[in-house]
Amino acid sequence: MSTKERESLGEFLLRAPAVGPALALVVAIVVFSVATDTFFDLDNLSTVVQQSLVVGTLALGQTLVILISGIDLSNAASMVVATLIMAKLAAAGTNGFVALLAGVVLTIIVGIFIGGLATRIKLPAFIITLGTFTMLTAVSKLVAGGQAVPVTDGLLQWLGTKRYLFGGIPITYGMTLALLMYLGVWYALTKTAWGKHVYAVGNAPESARLSGIKVNRTVLSVYIVAGLTFGIAAWQALGRTPNADPNQFQLGNLDSITAVVLGGTSLFGGRGSVLGTLMGALVVAVLRSGLTQMNVDGNYQDLATGALLIAAVVVDRIARRQQQS
Amino acid sequence: MRQRSLTAVVLAAVLAATTGCTVERHWGGNTNTGGSGKAKVGLVTKTDTNPYFVELRNAARAAAQANGADFSALAGQFDGDNDGQVRAIENLMQQGANTILITPSSSTGVLKAIKDARDAGVLVIALDTATEPADAVDATFATDNFAAGEQQGAYVKASLKGVPPKLLMVDGTAGSTVDTQRHTGFLKGIGLTDSSPEIKGHTAANGDQSLAQQGMENLLQRSTDINAVYSMNEPMGRGAYAALNARGLTGRIVMGSIDGGCEGVQNVKNGQFAATVMQFPKKMAEQGVLAAVEYAKTGKKPAGFVNTGSAVITDKPLPGIESHDSAWGLQNCWGGTR
């Protein structure tokens, strides 16, 4: 391959960051389908998607935050508090819809809090969300009072329990909702002025400001939209496991960052796509499922996921360097 | 400049928040050792949120109040937080505790701090989890986790009525002492070893219900031809049950668990678990506090391993397996509403 061709490959990856993770996903599915006689099965593929729903939904909001070169370490903690609030309210006899709404409002308020500090006082997102993470973890333990809260409310479980067949594949409403959310955010990012502002702010905030973009308003809106997705992730989590437990998803924040980075979104902001994130979240779930079915020890599964993550960052770096040269 | 100093303030606040332990009550004064009168009991649990440790803490506090002892409870921030436990021990010594009751996060991670405390004349009793070596502490009041696992294994074996087991195992955290003891105890009880072909798969789920559900879903994809499930604790048992239920397998599988939390006993009553093995954190805490009071009065220290017992809870009693029903279980369970 000549240098020129290689450069164009780098440019291609920059233009379409979802292509790399999509390839990785296809390769992983093919490998596991050949290596085991159990992986390639419509029910299993549906299960793998369901396993990636919570992290995938967290990662959707995380993608937006990382696109504006921020980061959210508190997303999973915010989601866990929301699950507990939803479960506690439902257990106390509150209408399921009101309980759901209360949880989502909470994660949006957290988003406003983070976005407010990021825009008004210009603190780095890493620090704000580290502090928020610590506070929310404490709040979830205080709210739970040492108890997991089982959920029996129909609406709160609805995303996991209701399913229909689509071409022989069992589809839950949780999968449908996640797909709609991804499509919605994809549309907003690629087809609206808001989306262009998000990329511009992530690339170069000063140039964005000079070209008339209201940077602060864009940043705040990103944290609010992200907060909304974390609230819906809480609903997804209760659909998967109808039990709100403060000890769940302790690494959910890092898992969501893993999915975003595997999906080809640059941690430096301004480059990436939610479709890549979708692929990234699925790659992790596919690896877990396939390796478990090959009877590979969990520690080796973590090893493989970590190696893939570093590979993704290396590809990102090489692509950027080729773009610059 | 303004931004930098603000960042520093926030960073300091975050550090203070993340490094501090949960302090329930302080007392002043110097280190009082045995024989000097009033017991000052410090409790260090693995976390302060798990209902098991909440029960242990509440029972210890109640026993301390009933016996006129001072009481202070600290905890690590997460299971495995050795550093947090070391700091908790140091804080308690600073506060003048003359007895420290600790549920060690790892059997070896806090040994140096324990040695320092004992060298200073503090009575140290391990609750729930033994240290390695066992004589690193003065005494251990705990469930014999090997025996608890063995009881679960024996029940599952008896329940299969001579049919060879086809077993899936849901383990906790790799390398944790309690997990290892329960795991090997279970295998002894059911009559298998780690290399037995009867074990059709295993997954480690860190005690997390959602991870247990995922791991079980993936194992079941490989084969649904199983008849027995080991779960290392009840939350993971519930995760495994959700995966089994989705496959319609619950009717022909014997699932055992360990813990004896009220929710777990309820799972037995509802038929989700065939049996669970109950532990008695309340006994550990009460006996620990009584030993502290005794030490403060007379200077006499307890020694060795004191098994606080474990009991099989099931509504399907089997010949040869001593057990209690779920009604008894609900009266004696820990955590939650009874």
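Attention here is on the structure that accompanies the text. This one's a predicted model, so the numbers in the text were calculated from it and none came from an experiment.

Further remarks concern the pattern of salt bridges. All names here are of chain B. Scanning all chains against the criterion turns up 13 salt bridges over all chains. One salt bridge in this structure joins E263 and R238, with 3.4 Å as the shortest N-O distance. Taken together, the residues E263 in helix α9 (residues 262–269) and R238 in helix α8 (residues 234–246) connect sequence positions 25 residues apart. Judged by relative accessible area, which is 11%, R238 ranks as buried. One connected set of salt bridges, linked through shared partners, spans R118, D138 and K301.

All names here are of chain B. For the coordinates displayed, the defined rule picks out one disulfide over all chains. Bridging C262 to C333, the disulfide has an S-S length of 2.0 Å. Residues C262 and C333 are joined through a disulfide that is right-handed, its torsion about the S-S bond being 90 degrees. One end of the pair, C262, is in helix α9; the other, C333, is in the segment after α11 (326–332), and 71 residues separate them in sequence. According to the relative accessible area criterion, C262 is buried, its value standing at 4%.

This paragraph deals with the interface of chain A and chain B. Each side of the interface is counted separately: chain A has 32 residues, and chain B has 30 residues. Where chain A touches chain B, the interface holds one salt bridge. Residue R240 of chain A pairs with E217 of chain B through a salt bridge whose shortest N-O separation is 3.0 Å. Counting only elements with at least two residues in the side of chain A that touches chain B, the list comes to α3 (42–51), α7 (125–144) and α14 (274–293) of chain A. Among the elements that make up the side of chain A that touches chain B, the one with the highest residue count is α7 of chain A (five residues). Here the side of chain A that touches chain B is built from residues that sort into ten nonpolar, 17 polar and five charged.

Further remarks concern the packing of aromatic side chains. Scanning the entire structure with this criterion turns up eight aromatic pairs over all chains. When the centroid spacing of 5.6 Å and the interplanar angle of 45 degrees are considered together, the rings of Y164 of chain A and Y173 of chain A count as tilted. With a relative accessible area of 28%, Y173 of chain A lands in the partly exposed category. Between F280 of chain B and W328 of chain B, the aromatic rings sit 6.4 Å apart at their centres with planes inclined by 80 degrees, giving edge-to-face as the arrangement. Of this pair, F280 of chain B sits in the loop between β10 (275–279) and α10 (281–298) while W328 of chain B is found in helix α11, placing the two residues 48 residues apart along the sequence. Every member of this aromatic cluster is reached through a ring pair, and the members are W158, Y164, Y173 and W235 of chain A. The residue whose ring lies beneath K283 of chain B is F280 of chain B, and the NZ or CZ to ring-centre distance is 4.7 Å.

Rules of the game
Residues numbered from 1 in each chain as written. Chains lettered and ligands numbered in written order. Predicted model: local features only at pLDDT ≥ 70, side-chain atom pairs only at ≥ 80, totals over all residues. Heavy atoms only, no water. Salt bridge = Lys/Arg side-chain N within 4 Å of Asp/Glu carboxyl O. Helix = DSSP H or I, 4+ residues; strand = E, 2+ residues; numbered from the N terminus. Buried < 20%, exposed > 50% of the residue type's maximum accessible area, 1.4 Å probe, protein only. Disulfide = S-S within 2.5 Å. Contact = heavy atoms within 4.5 Å. Nonpolar A, V, L, I, M, F, W, Y, C, P; charged D, E, K, R; others polar. Phe/Tyr/Trp six-rings, centres within 6.5 Å; stacked < 30°, edge-to-face > 60°. Lys NZ or Arg CZ within 6 Å of the ring centre and 35° of its normal.

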